[in-house]
Amino acid sequence: MMDFLSPQEWAALGLSLKVSLWATLGSLPLGVGMAWILARRQFFGHGLVNAAVHLPLVLPPVVIGYGLLVLLGRGGVLGGWLYDVFGITLVFTWKGAAIAAAVMAFPLMVRAMRLSLEAVDRGLEDAARTLGAKPIKVFVTITLPLMLPGVVTGGVLAFARALGEFGATITFVSNIPGQTRTLPLALYTLTQSPGGEAGAARLAVLAVIVAVTALMMSELLARRVKAKAEGHIHD
Amino acid sequence: MTDAPLHMSVRLKRGDFSIDATLDAGPGVTALFGRSGAGKSTIVAMLAGLIKPDDGVIRVAGETLFDSQAGVNMAPEHRGVGCVFQDPRLFPHLNVAQNLKYGLNRVSPAQRADTFAKVVDLLGLDGVLERRPAGLSGGEKQRTAIGRALLSNPRILLMDEPLANLDAARKSEILPYVERLSADFGVPVVYVSHAMEEVVRLADTLVLVDAGCVKAHGPVEDLLARLDLTPLTGRYEAGAVLNATVAGHDDDVRLTRLNMLGHKLFTPRVDLSLGKTVRLRVRARDVALALTPPVGTSILNQIPVTVAQVELGSGPHAEVALSVMPKPSFGSAQAQTVLARVTRKSYQDLGLERGKPVYALIKAVAIDRHSLGGLGMGADQNKS
């Protein structure tokens, strides 16, 4: 089984999973917060924020990668500060790859969460307030549990999107074996090198297997969470 | 006045719709009655803090919840105003016990177990505590919602048409619980409804709401006896409310005998013990008038009355308010009012002028079973 892939290919798979997992988990709270702001708040500039969140969906990924490079690169506004104060380098590291993946996956995540949040009856939140719950308690005990199916769906969509991330990643953190060469980048590299066809085919099959597995698991999980939120399962 | 359970005077304008409501509620049950769209729900939402009035004052038990001039607008969670909505609004991911306990932290820790047990017992929820709302019947859901609001230890309880979504059987299942609420928990209740039979059965004080304004405010008996208010109380449903005591049960014919100011009044059999006070509503269209007591008639109730007021509309009807005086043997008591709707022709033929003595004929079967209830304990408290 281990022989099915070369060590480099295993490394690419492991790196992809690590990058995608961190990208997803790291952006989950931000996604929930953003979904809540977009679904439940009315403010000046609402449309602008909404557009900004959706930008990675419509822009060429290379543009996002370039933007990240400008912003978070060693010489960038934020990147320089991060390096000076914390000694953190993002460019050419897996952390940078995770950030690129997170940014690209963010719109999908927020969309799924926002949809399920909008389906939560505000009457329930009102009822909870009249029972003495402060807004933060209402969110934690009522809104969040009821929007959980959307959180799961959003998380899985983001994970799947992160697994496939290519353009922003290669632009922002380049294609360094063991550091930033994720599955899609490894596949691309193999297609560019003579004799890499077999490896490329193996990686392509692998990508399909990983993606399908993730989707199936998420479907199961989402169904279970949904049933629980609707009260069909006893705990 | 400052210590009245509720005083509110609020104004709100949203497009074409405007609210200008001033009302006070005492202990016991205060009903907010009006057609759908009259603004009742908006008024209680302002009371609960879910809608902010443009200006005005809201005080509960002497504490200011809202005062536009002083810039006070207390958040819903600090108001201590319990709410039962038309839809039960149970939290679907929590079971009945968890729903009930959601607001329990406003009860002092020492009393929580006792209060919880008392509410579960009162509302008969013992068998469903572990169930999720999805597995409850409509009646059980609404009982859970009532229990949940009670357990948040409210200073005042708002019930916004809690029975409107239930069928007749479920309604009669829940009404007795609601009747006992105010008395058992000593909490004033504001009850919103557009069903007069619920109002008559539950409320001591009636607030008539129309087009966002409070049109009349007072004891249920007084307001329902007023001819000028019948357009608001519903012309078809118009009828006065009488207070009587149970004098006996005639089980062989399944009737209950009531004593109303010394007059005998038959109604369909009700399960109330002798001497208990009942309130019953007699619809104006179920009352006929005669100059002399008819003989050989199926109408059991024939009560001597005097014409107090007549109102002629544009149609063929005449609305007649009749005073029922206590019989000399009954001792001194306040007169009560019965309303009758007769034709304009009868009005002329019988010469129904003010002060004329006539007989009010009331079919026993026409007395609405659902509007016939033991007086809520809240009412008794009011009087003592």
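This write-up is about the structure you can find in this document. (Residues numbered from 1 in each chain as written. Chains lettered and ligands numbered in written order. Predicted model: local features only at pLDDT ≥ 70, side-chain atom pairs only at ≥ 80, totals over all residues.)

On a plain count of helices and strands, chain B comes out with 11 helices and 21 strands. The C-alpha radius of gyration computed for chain B amounts to 22 Å, which stays within 12% of the reference 21 Å derived for 384 residues, consistent with globular compactness. Projected onto its principal axes, the C-alpha coordinates of chain B cover approximately 65 × 50 × 35 Å. Put simply, chain B has 384 residues, and 44% of those count as buried. Across chain B, the fraction of contacts at a sequence separation of at least 24, relative to all contacts at a separation of at least 6, is 70%. (Helix = DSSP H or I, 4+ residues; strand = E, 2+ residues; numbered from the N terminus. Rg over C-alpha atoms; globule rule 2.2 N^0.38 Å. Buried ≥ 20, exposed ≤ 12 C-beta atoms within 10 Å, placed from the backbone. Contact = placed C-beta atoms within 7 Å.)

Let's shift gears to the packing of helix H9 (residues 183-192) of chain A against helix H10 (residues 197-230) of chain A. All names here are of chain A. Where H9 meets H10, the closest approach of the two axes is 8 Å, and the angle between their N-to-C directions is 155 degrees. As summarised for this structure, H9 and H10 are arranged roughly antiparallel, according to the angle between their axes. Of the two elements, H9 crosses H10, and the hand of that crossing is left-handed. Contact with H9, carried on its side by Leu-183, Ala-186, Leu-187, Leu-190 and Thr-191, involves Gly-199, Ala-200, Leu-203, Ala-204 and Ala-207 of H10 and no other residues of that element. Grouping the constituent residues of the contact of H9 with H10 by class yields eight nonpolar, two polar and no charged. (Axes fitted to C-alpha atoms, helices over the stretch in contact; angles between N-to-C directions. Parallel < 35°, antiparallel > 145°, perpendicular 65-115°, else oblique. Left-handed = near helix turned anticlockwise from the far one by under 90°. Nonpolar A, V, L, I, M, F, W, Y, C, P; charged D, E, K, R; others polar.)

For the rest of this paragraph, the subject is the interface of chain B and chain A. Between chain B and chain A, the residue contacts involve 22 residues of the former and 19 residues of the latter. Broken down by element, the side of chain B that touches chain A gets its largest block of residues, three residues, from strand S7 (residues 81-84) of chain B.

Residue and element names in this part refer to chain A. Relative to the 50 Å expected for 34 residues at 1.5 Å per residue, helix H1 (residues 7-40) spans 48 Å between its end C-alpha atoms, a close match to the ideal helical length. In the structure, H1 departs most strongly from a straight axis at Leu-28, where the bend amounts to approximately 40 degrees and where the proline Pro-29 lies between one and four residues downstream. Within H1, the full set of buried residues consists of Ala-12, Leu-15, Ser-16, Val-19, Ser-20, Ala-23, Thr-24, Ser-27, Gly-31, Val-32, Met-34 and Ala-35. In the core, the buried residues of H1 are packed alongside helix H2 (46-58), helix H5 (94-118), helix H7 (135-163) and H9. (Expected span 1.5 Å × (residues − 1). Bend = angle between axes of the 7 residues up to and from the residue.)

In this section: the pairing of strand S9 (residues 189-193) of chain B. Walk down a regular strand and you will see the side chains alternate between the two sheet faces. Residue and element names in this part refer to chain B. The buried fraction of S9 is high, at five of five residues. Residues Val-189, Tyr-191 and Ser-193 line one face of S9 and the alternating positions Val-190 and Val-192 line the opposite face, and both faces are buried. Where strand S3 (residues 29-33) and S9 come together, five bridges link them in parallel fashion. For Phe-33, the partnering residue across the bridge sits in S9 and is Ser-193. Bridge count for strand S8 (residues 156-160) against S9 is four bridges, and the pairing is parallel. Looking at S9, one finds that Leu-158 is bridged to Val-190. (Pairing = 2+ DSSP bridges.)

Residue and element names in this part refer to chain B. On the basis of which strands lie adjacent, the open sheet formed by five strands has the order S16-S20-S17-S18-S19 and antiparallel pairing. Only two strands of the sheet have a single partner each, and these edge strands are strand S16 (287-290) and strand S19 (336-343). Mean inter-strand twist for the sheet, computed between neighbouring axes without regard to direction, equals 45 degrees. Both strand S17 (residues 301-312) and strand S18 (residues 317-324) contribute to a ladder of six bridges, which runs antiparallel. If you follow Thr-306 over to S18, its bridge partner there is Ser-323.

Here we take up unusual backbone geometry. Residue and element names in this part refer to chain B. You will see that Asn-153, though not glycine, has its phi angle at about 55 degrees, which is positive. Position of Asn-153 relative to the elements: it lies in the loop between helix H5 (138-151) and S8. One non-glycine residue, Ala-211, lies in the positive phi region at around 50 degrees. Residue placement: Ala-211 occurs in the loop between strand S10 (205-210) and strand S11 (213-219). Among the residues examined, Ala-211 registers 14 C-beta atoms within 10 Å and is labelled partly exposed.

It is worth spelling out the environment of Arg-89 of chain B at this point. Here Arg-89 of chain B shows up in the loop between S7 and helix H3 (96-101). Leaving out residues up to four positions away in the same chain, Arg-89 of chain B has contacts with Gly-123, Leu-124 and Ala-127 of chain A together with Ala-145 of chain B.

Glancing now at the pairing of strand S12 (residues 239-250) of chain B. Residues and elements named next belong to chain B. Where S12 and strand S15 (residues 277-283) come together, seven bridges link them in antiparallel fashion. Its bridge partner being in S15, Ala-240 is matched across the sheet by Val-282. Two successive antiparallel strands, S12 and strand S13 (residues 255-260), enclose a turn made up of four residues, where Arg-254 displays a positive phi of approximately 60 degrees.

Coordinates in, geometry out; function isn't part of it.
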